[in-house]
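The lines below spell out each chain.
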Amino acid sequence: QNLILSVGRFTKTFQAKKQEVLIKVFSDLISGGLKDWRLVITGLLKKEDVNYFKFLEKITAGLPVTLLANASFKDLQRLYGTAKIYWHAAGFSENEIVHPERMEHLGIAVIEAMAAGCVPVAIGKGGIPEIIDDGKTGFLWQEKEDLKNLTLQLIKSPEKMAEISKLEIINCQKFNEK
């Protein structure tokens, strides 16, 4: 489906997944004329983070965005299986040297997305560049404009998206249980 997925806990702590950044970029894409695409953001929501979740609900009003807290494993499998693109922003606008704890160290959700054939467009910080071969098994970005432009390139080139999807499914097997 024409679906962009992001998976990560809803929080503003040092482990923030920066969902508000993703929503802003998606809003810009919609304002720029993108049609027939949806953004789904799902993740763990704890009681102490309810206000942040309410803030995200407020900024998604009127947009084709779904916020799904505490999704079941079955729901996650369905979303990974239907999404074409996977977005990841943990570490955006953070200094890796000063605050390495704010980066994604491995990025298991990125690997899960790749295993399902979602093309990742993820922040090029922390451990993410070790997972994604930029331009071959996904794309790395640094600025919001990069995320927007890389996503549009993928949307406009379904052949490229399909090619990357096939390659990454094979490539991410290096992270399997064995």
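The numbering scheme is per chain: residues are counted from 1 as the chain's sequence reads. Residues qualify for local features only when their pLDDT is at least 70, as the model is predicted, and side-chain atom pairs are given and counted only at 80 or more; totals for whole chains, interfaces and linings, by contrast, use all residues. Values shown for side chains rest on all heavy atoms present in the structure; no hydrogens or waters enter the calculation.

**Q** What exactly am I supposed to notice about the pairing of strand S2 (residues 38–43) here?
**A** Looking down a regular strand, the side chains alternate between one sheet face and the other. Relative accessible area decides the class of each residue, using a 1.4 Å probe on protein chains only: under 20% of the type maximum gives buried, over 50% gives exposed, and in between gives partly exposed. Each helix is a run of H or I in the DSSP string that is no shorter than four residues. Each strand is a run of E no shorter than two, and both are numbered from the N terminus. With respect to burial, S2 is a largely interior element, five of its six residues being buried. Alignment of strand S1 (residues 3–7) against S2, held across five bridges, turns out to be parallel. For Leu5, the partnering residue across the bridge sits in S2 and is Val40. For the crossover that starts at S1, traverses helix H1 (residues 19–31) and ends in the parallel S2, the hand is right-handed. The criterion for strand pairing is that DSSP finds at least two bridges linking the strands in question. Pairing geometry for S2 and strand S3 (residues 65–69), over five bridges, is parallel. When the sheet's bridge partners are listed, Val40 is paired in S3 with Thr66. Crossover handedness is defined by viewing with both strands directed away from the observer: a clockwise path from the first strand over the helix to the second marks the crossover as right-handed.

**Q** Hey, could you run me through unusual backbone geometry in this one?
**A** Peptide bonds are, in most cases, trans, and in most cases residues other than glycine have a negative phi. With a phi close to 65 degrees, Asp36 is a non-glycine residue in the positive phi region. Checked against the element boundaries, Asp36 lands in the loop between H1 and S2. A positive phi angle is found at Asn70, which is not glycine, with a value near 55 degrees. Relative to the helices and strands, Asn70 resides in the loop between S3 and helix H3 (73–82). Given a relative accessible area of 45%, Asn70 falls into the partly exposed group.

**Q** When you look at helix H2 (residues 50–59) in this model, what are you seeing that I'm missing?
**A** Since there are 3.6 residues in each turn of an α-helix, residues three or four apart along the chain are aligned in direction. Buried residues of H2: Tyr52, Phe53 and Leu56, and no others. Buried residues along H2 cover an arc of 100 degrees about the axis, so they all sit on one side. Summarising the geometry of H2, the exposed residues directed more than 90 degrees from the buried face are Asn51, Lys54 and Lys58. Contacts: residue pairs with any heavy atoms within 4.5 Å of one another. The elements touched by buried residues of H2 are H1 and S3. The arc under discussion is defined with respect to the helix axis, by the directions toward the C-beta atoms.

**Q** Would you mind showing me how to read the sheet that holds strand S4 (residues 85–88) here?
**A** Pairing between the strands of a sheet is mediated by backbone hydrogen bonds and can be parallel or antiparallel. Ordered by their spatial adjacency, six strands build an open sheet running S3-S2-S1-S4-S5-S6, and the pairing between neighbours is parallel. The sheet is open, and its two borders are formed by S3 and strand S6 (139–141), each paired with just one other strand. Direction aside, the axes of adjacent strands within the sheet are offset by 20 degrees on average. Seen against the sheet, helix H4 (residues 108–115) touches S1, S4 and strand S5 (119–123) and runs at an angle of roughly 170 degrees to S4. Here helix H7 (residues 158–171) sits on the sheet and contacts S4, S5 and S6; the angle it forms with S5, its principal contact strand, is near 85 degrees. Working convention: axes come from line fits to C-alpha atoms, limited for helices to the stretch in contact. Angles between N-to-C directions cover 0 to 180 degrees.

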